[in-house]
Structure formats: structure tokens, C-alpha cells
Amino acid sequence: MNTRAFVPLNIAVLTVSDTRSLTNDPSGDLLQGRVIDGGHRLYDRQIVRDDKYAIRAVVSAWIHDPECQAIITTGGTGLTGRDGTPEAVIPLLDKKIEGFGELFRWLSFQSIGTSTLQSRATSGVANGTYLFILPGSTSACRDAWDQIIHAQLDFRTQPCNMVELMPRLNEQ
């Protein structure tokens, strides 16, 4: 029997796109809905163009604010010349969470086969803030949240979860 209480987090959602807006962003809408329906608080939601400096500006500001505990980005993880979210975010990380990208691609393989090779989804920690860098497709965001992120951002998940590590993320 699980006796732990749920701990709501402040989670920001960033869509990286040259074409989306807040009225036409199904992946951002899905993530916002999952965050709220999961009992967490939407810290902020923005859309930026596929430009590494624009991405870094928003993500850096969120990382700097101790009230923002997790960031989920959607878009810009592919292989084309305009896909630059990993290049924008990875230099900001204190640590990469290698298993996230591996697990995400394994799960994606179940539904999209070898096309999962085209995803550079990744995760990490920066200044005590968790970051999840997801593809732009709604189904990829759904799979990532439903099958990985949701459980790891729930303090009740046993035997371990990322929430219980939060007080120690900035240890020296």
C-alpha cells in the first residue's frame, strides 16, 4: 500500500516551431492537459521559433527560476537543418539522463518501428530543474508523458522517482 502523498510540481511547456501558435499547437495542448490532469501546475507555456538562441533564452530563464521544477519541450528533435532543440538545450544541462532517450526510443519502436531512429529525444537536469526534450508529434508527446514522465514526476511511484531526488539535485 502506497502511503506517500502526491507532490504537485511547477512544469513549463515549450513548443519549438516556426509554424505553430497557441491556437494551433496540438502537442503543446496535449502536454498542458497532461500536466494539469496529472495534478501538477502549469508554470508557463510558450512557443518559440526553431532558433537555438530563442530556445536557450526561454529555457535559461525557466532554469534560473527556482519556482520552475520541470520543463518539457516539444519539437525540433529531428534530423533536418532546422531541428536544433537538443543543440540549444544540451549545453545548458548539468547532467544528461541517458536512460530517458533510450527508453523513449525503445517505447516508440513498438509503434513506429525503425523510424524512431530519427528522434533525438533526450533529458537532463540543470540547476535542479528537470528537462525533457520531446519530438513535435502529438503521439510522441503522449507516449513520453503517459509511459515515462508521468510516473517519474509522481512522488508516489515506487521503488523510486525523480521527485524524491529533487532536494539533492544541487548538492555540492
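This text follows the structure it describes.
Fair warning: this is a prediction, and the values are worked out from it, not measured in the lab. What you see as residue numbers is a count from 1 along each chain, following the sequence as written. Since the coordinates come from a predicted model, pLDDT governs what is reported: local features require at least 70, and pairs of side-chain atoms require 80 or more to be given and counted, while whole-chain, interface and lining totals use all residues. Side-chain figures throughout are based on the complete set of non-hydrogen atoms in the structure, without hydrogens or water.

Description of unusual backbone geometry
1) Next: The omega angle of the peptide bond from glutamine 158 to proline 159 is 10°, so this bond is cis rather than trans.
2) Next: Relative to the assigned elements, proline 159 resides in the segment after helix H5 (138-152).
3) Next: Of note in the backbone geometry, asparagine 127 takes a positive phi value of approximately 50° without being a glycine.
4) Next: In this fold, asparagine 127 is placed in the loop between strand E5 (122-126) and strand E6 (129-134). Counting from the N terminus, the helices are the DSSP runs of H or I reaching at least four residues and the strands are the DSSP runs of E reaching at least two.

Observations regarding the nonpolar core
1) Next: In plain words, nonpolar cores are sets of buried Ala, Val, Leu, Ile, Met, Phe, Trp, Tyr and Cys residues tied together by side-chain atoms within 4.5 Å. Each residue gets one of three labels from its accessible area relative to the maximum for its type: buried under 20%, exposed over 50%, partly exposed in between, using a 1.4 Å probe on protein chains only. Counting 26 residues, the largest nonpolar core has Phe100, Phe132, Leu134 and Leu153 as the members making the most contacts within it.
2) Next: Among the elements of the structure, strand E1 (10-16), helix H1 (26-37), strand E3 (70-74), helix H4 (98-112), E6 and H5 are those that each provide at least two residues to this core.
3) Next: In terms of residue count, the dominant contributor to this core is H5 (six residues).
4) Next: With 18 residues, the next largest nonpolar core counts Leu14, Val16, Ile71 and Leu131 among its residues.

Interpretation in functional terms is not warranted from these geometric data alone.
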